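# Inside the fold
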Amino acid sequence: MTKEHVIEMRNITKKFGEFVANDQINLDVRPGEIHALLGENGAGKSTLMNMLAGLLEPTSGEILVNGEVVSIDSPSKARKLGIGMVHQHFMLVEAFTVAENIILGSEVTKAGGVLDLKKATKDIKELSEKYGLAIDPTAKISDISVGAQQRVEILKTLYRGADILIFDEPTAVLTPSEIEELLNIMKSLVKEGKSIILITHKLDEIRAVSDRVTVIRRGKSIETVTIEGSTNEDLAEMMVGRSVSFKTEKIASNPKKVVLSIKDLVVNENRGVPAVKNLSLDVRAGEIVGIAGIDGNGQTELIEAITGLRKVKSGDITIKGQSITNMSTRQITELSVGHIPEDRHRDGMILEMTVAENIALQTYYKQPNSKNGILNYSYINEKARQLMEEFDVRGAGELIAGGDLSGGNQQKAVIAREIDRDPELLIVSQPTRGLDVGAIEYIRKRIIGERDKGKAVVVVSFELDEILDMSDRIAVIYDGSIQGILDPAQTNKQELGMLMAGGQLNKEGANV
Ligand SMILES: Nc1ncnc2c1ncn2[C@@H]1O[C@H](COP(=O)(O)OP(=O)(O)OP(=O)(O)O)[C@@H](O)[C@H]1O
Ligand SMILES: [Mg+2]
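In the annotation of an unreviewed UniProt entry, the entry for the chain reads Simple sugar transport system ATP-binding protein, and the organism field reads Streptococcus loxodontisalivarius.

Structural data, given as structure tokens:
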């Protein structure tokens, strides 16, 4: 029997209270195709997919899987129907190992029902090698970077062997080579007869692998088009309803005195092995220093040491001449340091609290947020409304839980909070993770605006385009040390890639 569609969603509406997140959306997926789902932050993509994964049920509308009307009322039902989803926000158990997380819910047992962790670990190793997704099966989730967590999520879905795979922004925290690898994996999966729905904000990725793309805007399906028939500009415009600039305009930097100074820094990773090794770096007022590197070369530990989330083993970090080595995060924050963390869920917000409380998270104990220990909610909520307006944080309002904002809007809320505190040193990791093209344009402008106001800015990003676009100087980190410092106007991705892999440049005067 041949079926025309593996998935058909007809007139799907999903409401949260009065708020309409999906409004009569139609989507169909053909067997063996990669179907991209494109839309602005908060457009309703994850909500729509969560209904296929059994995490949410539609308020109205019909879902057909392989031509039959179904009710997907639980994740196990979705699994029975052959649907697997790589979630935008990882659903991993922090206290468990990588292997335990991957097999959770599909445990291999020995005779007598005993869990065969040895066999599972071996299978996972093989799977990880087959697909080029490097992980350590024995590491605890709480000890690994977001990039590694993303690889675990992907392996988990592959391990379960679903026929219809949903990838919700799988590439947001992967490095360029991992992204290429993943796109190849997708192509081979459809050759094996699987069908894929791919959510990504990166138009080139959609172009590289997908057959058709459905655009949704503010909860409504706008159009389904073939990829050949449309340019990136067309897609961006369909999505946001206006034309978008892909390059950020900026004036020359005017660096002043050193704000952040790092000398011979050594920082251990969780297992006690040095991840940052004798690293030295200065960052001045009025400049953006971009840190480029392959995931796992010490950038996470470096940022955690600067922001007080991790202990320094030896060496020194000073901010405006004052040593902050091993101060608490609160003390460092109070020295006028802003931090946009790589893992917004772990370090950026408290998902159960309201958006407004999250926006007040760094300053709630001070006037005018509170007085004599009593929170002034009318001020806190009003302030949140203002910032949500200014930074275009979209959602049902400032009183919903932070976790109920869409991924990109959570990111915007964290950025709004940190920039609004007007810090002299702004530490930013993966600033545009999960943002749509319009929001990326705006956020990069705001961060560059901070530099123009004389702030010192450090940007860590896996995206070399972002590093090249935003930085005034680029520090390449390799194996825990700075491998070279480059002028973005004088370098390119090839050179950066070479340094990132531990190579040297043989040309004169490349370092600045
Ligand atoms: N449980 C909830 N309660 C209230 N609003 C919700 C809830 N879940 C989702 N929403 C809202 O529904 C809208 C769509 O969210 P969704 O996560 O589907 O967006 P998205 O298209 O995936 O965006 P992004 O690109 O940022 O991930 C958002 O405005 C979000 O705040
Ligand atoms: Mg989403």
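Moving on, we come to the packing of helix 4 (residues 117–130) against helix 5 (residues 146–160). To characterise two packed helices, one gives the angle between the axes of the helices and the distance between these axes. The geometry of helix 4 relative to helix 5 is characterised by a closest axis approach of 11 Å and an angle of 110 degrees between their N-to-C directions. It follows from the interaxial angle that helix 4 and helix 5 lie roughly perpendicular. Along its contact with helix 4, which presents Ala120, Asp123, Ile124, Leu127 and Ser128, the element helix 5 presents Leu155, Leu158 and Tyr159. Tallied by class, the residues present in the contact of helix 4 with helix 5 amount to six nonpolar, one polar and one charged.

Moving on: the coordination of the magnesium ion (ligand 2). Within the protein, the magnesium ion (ligand 2) binds to Ser46 (OG) and Gln88 (OE1); these donor distances fall in the range 2.1 to 2.2 Å. Of the two residues, serine 46 is situated in helix 1 (residues 45–52) and glutamine 88 in the loop between strand 6 (83–86) and helix 3 (98–103); the sequence distance between them amounts to 42 residues. Comparing serine 46 with glutamine 88 shows no difference in burial state: the two are buried.

Taken together, 22 residues form the shell around ligand 1, and within it Gly42, Lys45, Thr47, Ser406 and Gly408 come nearest. With respect to ligand 1, the side chain of glutamine 88 contributes an N or O atom lying 2.9 Å from an oxygen atom. Between ligand 1 and the protein, one listed contact pairs an oxygen atom with a side-chain N or O atom of histidine 201 at 3.0 Å. With the chains in place, 89% of the 640 Å² that ligand 1 exposes on its own is no longer accessible. The site holding ligand 1 turns out to be the second largest pocket. When contributions to the shell around ligand 1 are tallied by element, the ones reaching two or more residues are strand 2 (19–29), helix 1 and helix 14 (407–420). For the shell around ligand 1, the class distribution of residues is five nonpolar, 12 polar and five charged. Taken domain by domain, the shell around ligand 1 gets at least three of its residues from each of domain 1 (7–240) and domain 3 (347–421).

Attention shifts here to the sheet that holds strand 2. Strands sit in the order 2-1-4-5 across an open sheet of four strands; the sheet is antiparallel. Strands with a single pairing partner mark the edges of an open sheet, and in this sheet they are strand 2 and strand 5 (68–70). Going across the sheet, the axis of each strand differs from the next one's by a mean of 30 degrees, ignoring polarity. Along the sheet, helix 1 contacts strand 1 (7–16), strand 2 and strand 4 (60–65); its crossing angle with strand 1, the most-contacted strand, is approximately 115 degrees.

Looking now at the pairing of strand 2. In terms of strand pairing, strand 1 meets strand 2 through seven bridges, oriented antiparallel. Among the inter-strand pairings, isoleucine 12 is bridged to a residue of strand 2, identified as isoleucine 25. Adjacent in sequence and paired antiparallel, strand 1 and strand 2 are bridged by two residues, among which glycine 17 carries a positive phi angle near 60 degrees.

A few words on empty space enclosed by the protein. Counted according to the given criterion, the structure contains one cavity of 30 Å³ or more. Space inside the largest cavity adds up to approximately 50 Å³. What lines the largest cavity is simply Ala172, Val173, Leu174, Gln430, Thr432, Arg433, Ser461, Phe462, Glu463 and Glu466. For the lining of the largest cavity, the residue count by class is four nonpolar, three polar and three charged.

Turning our eyes to something else, we now look at the sheet that holds strand 22 (residues 481–486). Spatial strand order, 16-19-20-13-21-22: six strands in an open sheet with mixed pairing. With partners counted over all chains shown, the strands left at the sheet margins are strand 16 (337–340) and strand 22, one partner each. Direction aside, neighbouring strands of the sheet carry axes that sit 20 degrees apart on average. Inspection of the sheet shows strand 13 (residues 288–292) paired to strand 21 (residues 473–478) by four bridges, in the parallel sense. Across the sheet, the residue bridging to valine 289 is arginine 473, located in strand 21. Sheet strands touched by helix 14: strand 16 and strand 19 (425–429). Its angle to strand 16, the strand with the most contacts, is close to 175 degrees. Each of strand 13, strand 21 and strand 22 touches helix 17 (residues 493–500); the most contacted strand, strand 21, lies at about 35 degrees to it.

Basis of the calculations
Residues numbered from 1 in each chain as written. Chains lettered and ligands numbered in written order. Predicted model: local features only at pLDDT ≥ 70, side-chain atom pairs only at ≥ 80, totals over all residues. Heavy atoms only, no water. Axes fitted to C-alpha atoms, helices over the stretch in contact; angles between N-to-C directions. Helix = DSSP H or I, 4+ residues; strand = E, 2+ residues; numbered from the N terminus. Parallel < 35°, antiparallel > 145°, perpendicular 65-115°, else oblique. Contact = heavy atoms within 4.5 Å. Nonpolar A, V, L, I, M, F, W, Y, C, P; charged D, E, K, R; others polar. Donors = N, O, S within 2.8 Å, 3.2 Å for Na, K, Ca; no water. Buried < 20%, exposed > 50% of the residue type's maximum accessible area, 1.4 Å probe, protein only. Near = heavy atom within 4 Å. Polar contact = N/O pair within 3.5 Å; in protein donor to acceptor, adjacent residues only side chain to side chain. Areas by Shrake-Rupley, 256 points an atom, 1.4 Å probe, with all protein chains shown as cover. 1 Å grid on protein atoms, 1.4 Å probe; cavity = no way out; pocket = protein on both sides within 12 Å on 5 of 7 lines; lining within 4 Å. Sits in = over half its atoms within 2 Å of the grid points. Domains from an automatic or database assignment. Pairing = 2+ DSSP bridges. Points joined across faces, edges and corners; volume = space filled by probe spheres on them.

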